[in-house]
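As a plain string of letters, each chain reads:
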Amino acid sequence: MSQARTAHAPFGTLHLEHASTVDRVADELRRAVFDGELESGTPLREVAIAESLGVSRPTVREALTMLVAEGLATREPNRGVSVGTPEAESVHDVCAARLVLEGAGIRSWRDASDEQRAQVHSTLDDYISAIGADASYQQLNERHLAFHVSLVGLTGSPRLVAMQENLVVELKLALAQVDRIRRNAHDQADSHAALVRLLERGEIDAAHAFLVQHLADAEDEIIEALDLG
C-alpha cells in the first residue's frame, strides 16, 4: 500500500499480543485516513497493507473489520474494503444531530457542575495548545472535536456523550477529506473561544445562536470542499 507511511515502528513484533497488533494496525490506518493520506474510495488491499506494515493478512483483515464497524471504511461484495466516501445527506444529518446534542449542553451550562464546565475550558486549552505546538492535522482534528464532546458533557448524561462520540467518528471521516489548507485552525480556535466567553457571561441564547451558525458554516464548508453539493 503505497499511500500508507511505513516510517513508524513495525507492528509485527513477536512479543505483542495479537489483539494489540490488530489495534495498532487499525490505529495506523485511521491515522492515514484522518491525515488525508488515504482518500475516499481508496481500496484497502489486505496483501499490500500486510507487506507495508509487516503483519499477517488475518491481522489486517481484523483491523479492516474494525474500520468498517466504525464507518471509516466500507466493504462491498467482490470489491473488498475501501475508505468510506462521505455523502452530503450524511454530513447534513450528522450536523443536525450535533446541534441537538451540543445545543442541549449549552442550555445546561448554568446547571452544570464546576467539573463539567472546567472540562470545556480544558479541551479548549488543549486545542489552542496544539495549534501553538504545530501539531499534526489529526491531533488538531481530535482536539477540536473533543471540545464539542465536552459541550455535550455539560448535560451530565453519559448516553448523550456516547452518542456525540459516535457522531464525531463519522465527522472525522468527512473532515479528513477536506483540504487542510482551507481549514484555518486559528480561526476555529478563536470561534470556539468566543462561544465559551458567551457562556461565561451567561448569554445562553446568544451562545446557542452562535452554535447554530457555527455548525451551519461547518456543514457548508465540508460539503463545498468535498464537492458534494
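Further remarks concern the overall build of the chain. Within the chain one finds 9 helices and 2 strands. Going from N to C terminus, the chain has its helices and strands arranged as α-α-α-β-β-α-α-α-α-α-α. Residue pairs in contact within the chain that sit at least 24 positions apart in sequence constitute 73% of those at least 6 positions apart. As displayed, the chain has an accessible area near 11,800 Å², and 49% of this comes from carbon and sulfur atoms.

Turning to the pattern of salt bridges, a few remarks are in order. Counted according to the given criterion, the structure contains 11 salt bridges. One connected set of salt bridges, linked through shared partners, spans Asp 27, Arg 30 and Glu 70.

Moving on to the packing of aromatic side chains. Under the criterion given, the structure shown has 0 aromatic pairs. Positioned over the ring face of Trp 109 is Arg 117, at 5.8 Å from the centre of the ring.

In this section: the packing of helix α4 (residues 88–107) against helix α9 (residues 204–225). The interhelical angle for the contact between α4 and α9, taken along N-to-C directions, is 165 degrees, at an axis separation of 10 Å. Between α4 and α9, the interaxial angle falls into the category roughly antiparallel. The element α4 and its partner α9 pack so that their crossing is right-handed. Contacts between α4 and α9 pair Ala 88, Val 91, His 92, Cys 95, Arg 98, Leu 99, Glu 102, Gly 103, Ile 106 and Arg 107 from the former with Ile 204, Asp 205, Ala 207, His 208, Leu 211, Val 212, Leu 215, Glu 219, Ile 222 and Ile 223 from the latter. Taken together, the residues of the contact of α4 with α9 break down into 12 nonpolar, 3 polar and 5 charged.

What follows concerns unusual backbone geometry. The phi dihedral of Asn 78 falls on the positive side, at around 70 degrees, and the residue is not glycine. Following the sequence through the fold, Asn 78 ends up in the loop between β1 (73–76) and β2 (80–83).

With that settled, the discussion passes to the nonpolar core. Among the nonpolar cores identified, the biggest contains 23 residues, and Val 33, Leu 44, Ile 49 and Leu 64 are the most heavily contacted of them. At the level of secondary structure, the elements contributing two or more residues to this core comprise α1 (18–34), α2 (46–53), α3 (57–70), β2 and α7 (158–177). Here the element with the most residues in this core is α1; it accounts for 7 residues.

So, about the pairing of β2. With 4 bridges connecting them, β1 and β2 associate as antiparallel partners. Across the sheet, residue Glu 76 finds its bridge partner in β2, namely Gly 80. What sits between the antiparallel neighbours β1 and β2 is a turn of 3 residues, in which Asn 78 has the positive phi angle 70 degrees.

Okay, α2 next. Inspection of α2 places Glu 46, Ile 49, Ala 50, Ser 52 and Leu 53 among the buried residues, and these make up the whole buried set. Projected down its long axis, α2 shows its buried positions confined to an angular sector of 165 degrees, all on one face. Looking at the residues trailing α2, positive phi occurs at Gly 54, about 70 degrees.

Here α4 spans 28 Å end to end across 20 residues, near enough to the 28 Å set by a 1.5 Å rise per residue. Listing the buried residues of α4 in full gives Val 91, Val 94, Cys 95, Arg 98, Leu 101, Glu 102, Gly 103, Gly 105 and Ile 106.

The next point concerns the environment of Leu 167. As for its placement among the helices and strands, Leu 167 is situated in helix α7. Considered as a pair, Leu 167 and Ala 97 are 70 residues apart in the sequence and their alpha carbons are 8.0 Å apart.

This next bit is on the packing of helix α5 (residues 114–132) against helix α6 (residues 137–153). Viewed as axis vectors pointing N to C, α5 and α6 meet at an angle of 170 degrees, and their least axial separation amounts to 9 Å. In terms of axis orientation, α5 runs roughly antiparallel to α6. Note that α5 runs across α6; the crossing there is left-handed. Here Gln 116, Gln 119, Val 120, Thr 123, Leu 124, Asp 126, Tyr 127, Ala 130 and Ile 131 of α5 lie close against α6, whose contacting residues are Leu 140, Arg 143, His 144, Ala 146, Phe 147, Ser 150, Leu 151 and Gly 153. Split by residue class, the contact of α5 with α6 holds 9 nonpolar, 6 polar and 2 charged.

Rules of the game
Residues numbered from 1 in each chain as written. Predicted model: local features only at pLDDT ≥ 70, side-chain atom pairs only at ≥ 80, totals over all residues. Heavy atoms only, no water. Helix = DSSP H or I, 4+ residues; strand = E, 2+ residues; numbered from the N terminus. Contact = heavy atoms within 4.5 Å. Areas by Shrake-Rupley, 256 points an atom, 1.4 Å probe, with all protein chains shown as cover. Salt bridge = Lys/Arg side-chain N within 4 Å of Asp/Glu carboxyl O. Phe/Tyr/Trp six-rings, centres within 6.5 Å; stacked < 30°, edge-to-face > 60°. Lys NZ or Arg CZ within 6 Å of the ring centre and 35° of its normal. Axes fitted to C-alpha atoms, helices over the stretch in contact; angles between N-to-C directions. Parallel < 35°, antiparallel > 145°, perpendicular 65-115°, else oblique. Left-handed = near helix turned anticlockwise from the far one by under 90°. Nonpolar A, V, L, I, M, F, W, Y, C, P; charged D, E, K, R; others polar. Core = buried A, V, L, I, M, F, W, Y, C linked by side-chain atoms within 4.5 Å. Buried < 20%, exposed > 50% of the residue type's maximum accessible area, 1.4 Å probe, protein only. Pairing = 2+ DSSP bridges. Arc of directions from axis to C-beta. Expected span 1.5 Å × (residues − 1).

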